[in-house]
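Survey of secondary and tertiary structure
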Amino acid sequence: MRCVIARYPFELTKSGVLASMKGVRPELVTGESVTIGRRRYPVEQVGQVITRQDRRDFTSGEVVRAMTRLGFTCHDRLETAPMGVLTSPRTTSAPLGDAASLEVW
């Protein structure tokens, strides 16, 4: 498939993207992401690997559009908190004991 990323034309294939991302360790996902194989990568990382350009040269939208057209699943943002991350005051105080038994000052 022919696509334009950062004003440069690229001929991308699904197998080519899979081969390019093979052995690449995913960075922490904080925004838009794409699932390639069994892993979820930030779109900026995928764009950098497949185009060999600096991340400042392209937008995440360009990469999302290309990956969607190739048949990869793209995600807007992280839907759930990563394991081990405390997300609410109740879970933050959980190591201290039951929240119902804590006194309120």
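See the structure printed just above.
Below, the structure is looked at part by part. (Residues numbered from 1 in each chain as written. Predicted model: local features only at pLDDT ≥ 70, side-chain atom pairs only at ≥ 80, totals over all residues. Heavy atoms only, no water.)

In contact at an axis separation of 9 Å, helix 2 (residues 43-51) and helix 3 (residues 60-70) are set at 75 degrees when each is read in the N-to-C sense. By the angle between their directions, the pair helix 2 and helix 3 is classed as roughly perpendicular. Where helix 2 abuts helix 3, its residues Val43, Glu44, Val46, Gly47 and Ile50 lie against Ser60, Val63, Val64 and Met67. Of the residues contributing to the contact of helix 2 with helix 3, the split by class is 6 nonpolar, 2 polar and 1 charged. (Axes fitted to C-alpha atoms, helices over the stretch in contact; angles between N-to-C directions. Helix = DSSP H or I, 4+ residues; strand = E, 2+ residues; numbered from the N terminus. Parallel < 35°, antiparallel > 145°, perpendicular 65-115°, else oblique. Contact = heavy atoms within 4.5 Å. Nonpolar A, V, L, I, M, F, W, Y, C, P; charged D, E, K, R; others polar.)

Two numbers describe how helix 1 (residues 14-21) lies on helix 2: the axes approach to 10 Å, and their chain directions differ by 100 degrees. Between helix 1 and helix 2, the interaxial angle falls into the category roughly perpendicular. Along the contact surface, helix 1 presents Val17, Ser20 and Met21, while helix 2 presents Val46, Val49 and Ile50. Looking at the contact of helix 1 with helix 2 residue by residue, the classes come out as 5 nonpolar, 1 polar and no charged.

Once that is clear, we can look at the sheet that holds strand 3 (residues 33-36). The 3 strands lie next to each other as 4-3-5, forming an open sheet whose pairing is antiparallel. The sheet is open, and its two edges are formed by strand 4 (39-42) and strand 5 (73-75), each paired on a single side. Across the sheet, the mean angle from the axis of one strand to that of its neighbour is 30 degrees, orientation sign disregarded. Sheet analysis places strand 3 next to strand 5, joined by 3 bridges and oriented antiparallel. Residue pairing for strand 5: Val34 is matched across the bridge by Cys74. Packed onto the sheet, helix 2 meets strand 3 and strand 4 and runs at close to 85 degrees relative to strand 4. (Pairing = 2+ DSSP bridges.)

Moving on: helix 3. What sets the pattern is the α-helix's 3.6 residues per turn: residues three or four places apart point alike. Turning to helix 3, its buried residues number three or more, namely Glu62, Val63, Val64, Ala66, Met67 and Leu70. Buried residues along helix 3 sit against strand 1 (2-5), helix 1, strand 3, helix 2 and strand 5. Following helix 3 by one or two positions, Gly71 adopts a phi angle in the positive range, close to 105 degrees. (Buried < 20%, exposed > 50% of the residue type's maximum accessible area, 1.4 Å probe, protein only.)

The next subject is the nonpolar core. Residues Ile5, Leu12, Val17, Val34, Ile36, Val46 and Met67 are the most contacted members of the largest nonpolar core, which totals 21 residues. Secondary structure elements with two or more residues in this core: strand 1, helix 1, strand 3, helix 2 and helix 3. If sequence neighbours within four positions are ignored, Val34 has contacts with Arg39, Arg40, Tyr41, Val43, Val46, Met67, Phe72, Thr73 and Cys74. (Core = buried A, V, L, I, M, F, W, Y, C linked by side-chain atoms within 4.5 Å.)

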